[in-house]
Amino acid sequence: PEAQAIINRMGFNNRGVEHLLGNLERSRYRGILGVNLGKNKETALENAARRIREFYNRQPLTSWFTNDLGGTLGQIIRPHGRVGVYVPGGTAPLPSSVLMSAVPAQVAGVKDIVIVTPPSRGLVDPSKTVPSYPHIPQIILAACAIIGIKEVYAMGGAQAIGALAYGTQSVP
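About the criteria used
Residues numbered from 1 in each chain as written. Predicted model: local features only at pLDDT ≥ 70, side-chain atom pairs only at ≥ 80, totals over all residues. Heavy atoms only, no water. Salt bridge = Lys/Arg side-chain N within 4 Å of Asp/Glu carboxyl O. Helix = DSSP H or I, 4+ residues; strand = E, 2+ residues; numbered from the N terminus. Buried < 20%, exposed > 50% of the residue type's maximum accessible area, 1.4 Å probe, protein only. Axes fitted to C-alpha atoms, helices over the stretch in contact; angles between N-to-C directions. Left-handed = near helix turned anticlockwise from the far one by under 90°. Contact = heavy atoms within 4.5 Å. Nonpolar A, V, L, I, M, F, W, Y, C, P; charged D, E, K, R; others polar. Pairing = 2+ DSSP bridges. Core = buried A, V, L, I, M, F, W, Y, C linked by side-chain atoms within 4.5 Å. Phe/Tyr/Trp six-rings, centres within 6.5 Å; stacked < 30°, edge-to-face > 60°.

Participant: How should I be thinking about the pattern of salt bridges in this particular structure?
Facilitator: Pairs may arise between side chains of opposite charge once their charged atoms sit close together. This model, assessed by the stated rule, comprises 3 salt bridges. With its nearest N and O atoms 3.4 Å apart, the salt bridge here joins Arg-50 to Glu-54. Linking Arg-50 with Glu-54, this pair stays in helix 3 (residues 39–57), spanning 4 residues, or about one helical turn. By relative accessible area, which is 40% here, Arg-50 ends up partly exposed. The partner of Arg-82 in a salt bridge is Asp-112, and the shortest N-O contact between them spans 2.5 Å. Of this pair, Arg-82 sits in strand 3 (residues 82–86) while Asp-112 sits in strand 4 (residues 112–117), and the two are 30 residues apart along the sequence. A network of salt bridges, in which partner residues are shared, links Arg-82, Asp-112 and Glu-151.

Participant: What's the story with the packing of helix 3 against helix 4 (residues 95–108) in this structure? I'm lost.
Facilitator: A pair of packed helices is captured by two measures, namely the crossing angle of their axes and the spacing between those axes. Contact pair helix 3 / helix 4: the axes reach a minimum separation of 9 Å and the direction vectors enclose 35°. Crossing of helix 3 over helix 4 shows right-handed handedness. Mapping the contact onto sequence places Leu-45, Ala-48, Ala-49, Ile-52, Arg-53, Tyr-56 and Asn-57 in helix 3 and Pro-95, Leu-99, Met-100, Val-103, Pro-104, Gln-106 and Val-107 in helix 4. Its residues placed into classes, the contact of helix 3 with helix 4 shows 11 nonpolar, 2 polar and 1 charged.

Participant: Sorry, what's going on with the sheet that holds strand 7 (residues 152–154) here?
Facilitator: Whether parallel or antiparallel, the strands of a sheet pair through hydrogen bonds between backbone atoms. With parallel pairing, the 3 strands of this open sheet are ordered in space as 3-4-7. Strands at the two margins of the open sheet, each flanked by one partner only, are strand 3 and strand 7. Across this sheet, the average inter-strand angle for adjacent strands is 20°, counted without regard to direction. Pairing between strand 4 and strand 7: 3 bridges, direction parallel. The partner of Val-116 across the bridge, within strand 7, is Tyr-153. Packing of helix 6 (residues 157–166) onto the sheet brings it into contact with strand 3 and strand 4, and relative to strand 3 it is tilted by some 175°.

Participant: Looking at this structure, I do not really get the side chain of Thr-117. What am I missing?
Facilitator: With respect to the helices and strands, Thr-117 occurs in strand 4. Judged by its relative accessible area of 1%, Thr-117 is buried.

Participant: I'm lost on the nonpolar core in this one. Help?
Facilitator: Soluble globular proteins: nonpolar side chains tend toward being buried together. Ranked by size, the top nonpolar core spans 25 residues in total, and within it Leu-45, Val-98, Leu-99, Ile-113, Ile-115, Ile-147 and Ile-149 carry the most contacts. Within the residue set of this core, elements represented by two or more residues are helix 3, helix 4, strand 4, helix 5 (138–147) and strand 7. With 7 residues, helix 5 is the single largest residue contributor to this core. Among the nonpolar cores identified, the runner-up in size contains 7 residues, and Val-114, Val-116, Ala-160 and Ala-163 belong to it.

Participant: Help me understand the packing of aromatic side chains in this model?
Facilitator: How two aromatic rings sit relative to each other is set out by the distance from centre to centre and by the angle between their planes. Summed over the entire model, instances satisfying the criterion amount to 1 aromatic pair. Summarising the aromatic geometry, the rings of Phe-55 and Tyr-56 are spaced 5.0 Å apart at their centres and angled 85° between planes, so their arrangement reads as edge-to-face. Judged by relative accessible area, which is 48%, Phe-55 ranks as partly exposed. Judged by relative accessible area, Tyr-56 falls into the partly exposed class, the value being 23%.

Right, here's the structure in full:
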């Protein structure tokens, strides 16, 4: 409640918060990728996601312990259960921010990833948005769909960071 009040006070009320993808499966979302985005961009996003995943899969993420230094020392590696990712938007949508933030989290074992990105508010060409989600550039939604992100909110700025950190009625 307190976080929601702060967000409202900052001028970003629930009307500006849109839960976009919900549990939408990629197979139902695929039409957006091929029809509106174009095969070249879809292929580029898929290739980038694959390469980022391959890179991070090569990094060792193993726990270790030793008793060789006069006591038990070590490190335990455990993923967070839920991670929030802020994706800059505006006049230059950055699908690379989706991929470079969310894919490493997935590789690390994070099960629940939430994306927030500012609504375009008319800055994005309407032909480059998805009719059902007119405030988010389709290339951002496509990047989310390609890597299996199922929770996206149209919100930006400090309000979005606060919502991710503390949760609200709209952003659990």
